[in-house]
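Chain by chain, the residues:
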Amino acid sequence: MQVEYVGIEKLIPYARNSRTHSDEQVAQVAASIKEFGFTNPVLIDADGGIIAGHCRTMVARKLGMTDVPCIRLGHLTEAQKRAYVIADNKLAMNAGWDERMLALEFADLRALEFDTTLTGFSLDDIGELLAELDATPEGETEADAAPPVPTIAKTQPGDLWLLGKHRLLCGDSTNLQAVQMLMGGGHG
């Protein structure tokens, strides 16, 4: 496969393309192309028919570009081209996110003072991810936080707790009677 630059006027959108593009998404793709360049070639058939890259082509026209990078997929049958128009979009949608890793990336990008909205995520979405990253998981405490000391202790010296096959004694390990009780040789 080779990337070739094709005149935008020679590219033919697929008339039955079922993928839609909102004005907001077109603006996001335009911002992405302005920031990163046209990094994802348009996939075309032997005759210049667009198989994948309809939105990028639309954006290129709006940006006044005359040529766009393309890869010709001349080996596809008519049925394969039609199916790939759908598959190219749907397969990407089937992916998920490692939200913790995504939040870490956004935190680092913010520290680098990069405009994170260029990723296609809204500021609200990014804020939620970062809030989750900063949140203490339920049931856990901050590393330096200690629970409050109860005013009345539940366990008193001499109390023996049976935890399955384990034993836990509240007592003095230098006291022979306490050790014997813990080891099962005393009462309890």
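That block above? That's the structure.
Quick notes on the rules
- Residues numbered from 1 in each chain as written.
- Predicted model: local features only at pLDDT ≥ 70, side-chain atom pairs only at ≥ 80, totals over all residues.
- Heavy atoms only, no water.
- Phe/Tyr/Trp six-rings, centres within 6.5 Å; stacked < 30°, edge-to-face > 60°.
- Helix = DSSP H or I, 4+ residues; strand = E, 2+ residues; numbered from the N terminus.
- Buried < 20%, exposed > 50% of the residue type's maximum accessible area, 1.4 Å probe, protein only.
- Patch = residues over 30% accessible without salt bridge, like charges linked within 9 Å, V, L, I, M, F, W, Y side chains within 5 Å.
- Areas by Shrake-Rupley, 256 points an atom, 1.4 Å probe, with all protein chains shown as cover.
- Salt bridge = Lys/Arg side-chain N within 4 Å of Asp/Glu carboxyl O.
- Lys, Arg positive; Asp, Glu negative; His and termini not counted.
- Charge placed at Lys NZ, Arg CZ, Asp CG, Glu CD.

## Looking at the packing of aromatic side chains
- Under the criterion given, the structure shown has 3 aromatic pairs.
- A ring pair is formed by W97 and F121, whose centres lie 5.3 Å apart and whose planes are at 70°; its orientation type is edge-to-face. In this pair, W97 is assigned in the loop between α3 (78-93) and α4 (99-111) and F121 in the loop between α4 and α5 (123-134), connecting sequence segments 24 residues apart.
- We classify W97 as exposed; its relative accessible area is 59%.
- Relative to F121, the ring of F106 has its centre 5.3 Å away and its plane inclined at 75°; by these criteria the two rings are edge-to-face. With F106 in helix α4 and F121 in the loop between α4 and α5, this residue pair connects regions lying 15 residues apart in the sequence.
- Taken together through their ring pairs, the aromatic side chains of W97, F106 and F121 make up a single cluster.

## Details of a negative patch on the surface
- Side chains of D98, E99, D124, D125, E128 and E132 sit close together on the surface and give a patch of like negative charge.
- Broken down by element, the negative patch gets its largest block of residues, 4 residues, from α5.
- Here E132 is to be found in helix α5.
- E132 gets classed as exposed once you look at its relative accessible area, which sits at 63%.

## Notes on the environment of L168
- Position of L168 relative to the elements: it lies in strand β6 (residues 166-169).
- Given a relative accessible area of 46%, L168 falls into the partly exposed group.
- L168 sits 13 residues away from M181 along the chain, and the two C-alpha atoms are 9.9 Å apart.

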